[in-house]
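# Remarks on the overall topology
Chain by chain, the residues:
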Amino acid sequence: ETHYAGRMPSRRLLLGQYLYYSGQVSLSMLIKAIVWQRLQRPSVGAIAMSWGWLQGADILDVLRRRQYGEKFGECALRLGRLSRFQVSRLLEKQKTVQPLIGKYFIDQNVITSAQIFKRIVDMKVHNRKYWSY
């Protein structure tokens, strides 16, 4: 597979993006890693239900009434099923329990843990140039 060989974008990047733009992983490998990561994390609705913030009927209603492209939390907020605070906490929880994308590349023997560590340091240096508040 071909790897990216152009210039590094002049913006903040997530680790997977940085690995792609630095030529460490191919685009198809990045896509596989993102899909793997998304499949590993619990849904916002499942977390809300486990915390007692939504019932099964609420989740079904949100799913039925979601508009095209609307995220679950956005729809639940629009329908008054969850508050902004709750959606924010749910997204934080979801982010903390999903596996780190670097694990996929290590498990697939695409990159070593030492290389991932080095790339994280490099990415942080890169991202500091484009810090936004």
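The text that follows walks through the structure, step by step, so that each part is easy to find. Source: prediction; values computed, not measured.

### Topic: the pattern of salt bridges
All told, the structure shown has eight salt bridges when counted by the stated rule. Ionic pairing is found between Glu-92 and Arg-89, a salt bridge with its closest N-O pair at 2.7 Å. On the criterion of helical spacing, the pair formed by Glu-92 and Arg-89 is a turn pair, its members being three residues apart in helix α6 (residues 84–97). As a salt-bridge pair, Asp-107 and Lys-103 come within 2.6 Å of each other at their nearest N and O atoms. Taken together, the positions of Asp-107 and Lys-103, both in helix α7 (residues 101–107) and four residues apart, correspond to about one turn of that helix. The structure contains a network of salt bridges with shared partners spanning Asp-58, Asp-61, Arg-65 and Arg-81.

### Some details on the packing of aromatic side chains
Throughout the structure, instances matching the rule amount to six aromatic pairs. Aromatic side chains Tyr-4 and Tyr-21 sit 4.9 Å apart centroid to centroid with 85° between the ring planes, which places their arrangement in the edge-to-face category. Of the two residues, Tyr-4 is situated in the segment before α1 (15–21) and Tyr-21 in helix α1; the sequence distance between them amounts to 17 residues. A relative accessible area of 26% means that Tyr-4 is categorised as partly exposed. Put simply, the rings of Tyr-4, Tyr-20 and Tyr-21 touch in pairs and so form one group of aromatic residues.

### Side note on the side chain of Ser-26
Mapped onto the fold, Ser-26 is located in the loop between α1 and α2 (27–40). Residue Ser-26 is classed as buried on the basis of its relative accessible area of 3%. Side chain to side chain, Ser-26 and Glu-1 meet in a polar contact 2.8 Å long. Within polar-contact distance, the side chain of Ser-26 engages the backbone nitrogen of Met-29 at 3.2 Å. Among residues more than four places away in sequence, those in contact with Ser-26 are Glu-1, Thr-2, His-3 and Tyr-20.

Each value, and the rule that gives it
- Residues numbered from 1 in each chain as written.
- Predicted model: local features only at pLDDT ≥ 70, side-chain atom pairs only at ≥ 80, totals over all residues.
- Heavy atoms only, no water.
- Salt bridge = Lys/Arg side-chain N within 4 Å of Asp/Glu carboxyl O.
- Helix = DSSP H or I, 4+ residues; strand = E, 2+ residues; numbered from the N terminus.
- Phe/Tyr/Trp six-rings, centres within 6.5 Å; stacked < 30°, edge-to-face > 60°.
- Buried < 20%, exposed > 50% of the residue type's maximum accessible area, 1.4 Å probe, protein only.
- Polar contact = N/O pair within 3.5 Å; in protein donor to acceptor, adjacent residues only side chain to side chain.
- Contact = heavy atoms within 4.5 Å.

Remember, this is a structural readout, not a statement about activity or role.
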